[in-house]
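Next come the chains, spelled out residue by residue.
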Amino acid sequence: MLRIRKTHKGGILIEFTFSIPICIALLFFVNDHYRLYELNNKIKSSTYLAASMIQQITNTRSGKQIGRSDIKRITYASCLNFFHTNSMFYPYPFGICYGIELSYIKRVSNDSYQYQRTYSGTYATSTFKDMPITAMQTLKRTQAQVEAIHPDLVCQKDGEERVLIECYYSKNHFSKSKLGFFLIDPPTVKNSAGSNCLCLSKLIITPKPGLFPVNSVN
């Protein structure tokens, strides 16, 4: 009598063959999400580092006002948790550079505020010495204009001061493979100035008296 034996060896092999690409794609997907989480965590840490340095940098000086050179040093120091060498400068081996925006607000009256925007970053430069730093002159803003920058900048009483700190990575000679991404294209977000950023973190602080506005000369 002819006996027919059942075998599943071929079916298992076919299933295994189909599962390999799915497993590889899943590993790449997990890697990309972790990498994006790591970048966001790094930029958040940089924001808190910058805030701490802003509050403490003039402690040992008789003049408490922060200057342009202080912001420049804060910018450089706060990004070293990700850029361990001079990789934040040209030719940007990671395809990104680093920037800080400071929006200083002081309430003068119910609908009148002093406003100053300060920017520093590592774009378009190859050394710390050449880092750009821009500290605008103090301008006047209404409460609606302040609220448009960030709702939490609106102050409750005259004389109150607040500073919005925004730290971010900007795409510069960007390629996702330089940052270790395989499948995901990191999303672009905008800071309060409307600039496109790869990762962005915001923090609002009440500065120590006398720190702001930033000295636009020194």
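The structure displayed is predicted, hence computed values, not measured ones.

1. Description of the packing of aromatic side chains
Applying the stated criterion across every chain yields a total of 12 aromatic pairs. With 5.9 Å between their ring centres and 80° between their planes, Phe83 and Tyr169 make a pair best called edge-to-face. Here the residue Phe83 occupies a position in the loop between helix H2 (68-78) and strand E1 (96-109), and Tyr169 occupies one in strand E5 (residues 161-171), the gap between them amounting to 86 residues. Where Tyr98 meets Tyr169, the ring centres are 6.2 Å apart and the plane angle is 55°; that geometry is what we call tilted. Residue Tyr98 is found in strand E1, and its partner Tyr169 is found in strand E5; the two are separated by 71 residues along the sequence. An aromatic cluster of at least three residues, connected via ring pairs, comprises Phe82, Phe83, Phe94, Tyr98 and Tyr169. Sitting over the ring of Phe174, Lys171 keeps its end group 5.0 Å from the ring centre.

2. Description of the nonpolar core
Within the largest apolar cluster, 36 residues are counted, with the highest numbers of intra-cluster contacts made by Ile54, Phe83, Tyr98, Leu102, Ile165, Tyr169 and Phe212. The set of elements that each furnish at least two residues to this core consists of helix H1 (9-56), H2, E1, strand E3 (133-135), E5 and strand E8 (199-205). The leading source of residues in this core is H1, at 6 residues. Every residue in contact with Ile165, bar those within four places of it in the chain, is listed here: Thr47, Ala50, Ala51, Ile54, Glu101, Leu102, Ser201, Lys202, Leu203 and Ile205. Counting 9 residues, the second-largest nonpolar core is a separate cluster that includes Ile149, Leu153, Val154 and Cys155.

3. Focus: the environment of Lys140
By the element assignment, Lys140 lies in strand E4 (residues 139-141). Sequence separation between Lys140 and Ile66 is 74 residues; the distance between their C-alpha atoms is 20 Å. With residues up to four places along the chain from it excluded, the contact list for Lys140 reads Tyr113 and Gln145.

4. Here we look at the pattern of salt bridges
One pass over the full model with this rule turns up 7 salt bridges. Two residues, Asp70 and Arg73, come together in a salt bridge whose shortest N-O distance is 2.7 Å. Within this pair, Asp70 and its partner Arg73 are both found in helix H2, separated by 3 residues, close to a single helical turn. According to the relative accessible area criterion, Asp70 is buried, its value standing at 2%. A salt bridge links Arg107 to Asp158, with the nearest nitrogen and oxygen atoms 2.9 Å apart. Taken together, the residues Arg107 in strand E1 and Asp158 in the loop between helix H3 (143-149) and E5 connect sequence positions 51 residues apart.

5. Description of the side chain of Thr122
Inspection of the secondary structure assignment puts Thr122 in the loop between strand E2 (112-121) and E3. A residue is classified by how much of its surface remains accessible, and Thr122, at 0% relative accessible area, is buried. In this structure the side chain of Thr122 is engaged in a polar contact, spanning 3.0 Å, whose partner is the backbone oxygen of Met88. Beyond its immediate stretch of four places on either side in the chain, Thr122 contacts Met88, Phe89, Tyr92, Cys97, Tyr98 and Met131.

Here is what the cut-offs are and how they apply
Residues numbered from 1 in each chain as written. Predicted model: local features only at pLDDT ≥ 70, side-chain atom pairs only at ≥ 80, totals over all residues. Heavy atoms only, no water. Phe/Tyr/Trp six-rings, centres within 6.5 Å; stacked < 30°, edge-to-face > 60°. Helix = DSSP H or I, 4+ residues; strand = E, 2+ residues; numbered from the N terminus. Lys NZ or Arg CZ within 6 Å of the ring centre and 35° of its normal. Core = buried A, V, L, I, M, F, W, Y, C linked by side-chain atoms within 4.5 Å. Buried < 20%, exposed > 50% of the residue type's maximum accessible area, 1.4 Å probe, protein only. Contact = heavy atoms within 4.5 Å. Salt bridge = Lys/Arg side-chain N within 4 Å of Asp/Glu carboxyl O. Polar contact = N/O pair within 3.5 Å; in protein donor to acceptor, adjacent residues only side chain to side chain.

None of the figures reported here should be taken as evidence of function without further support.
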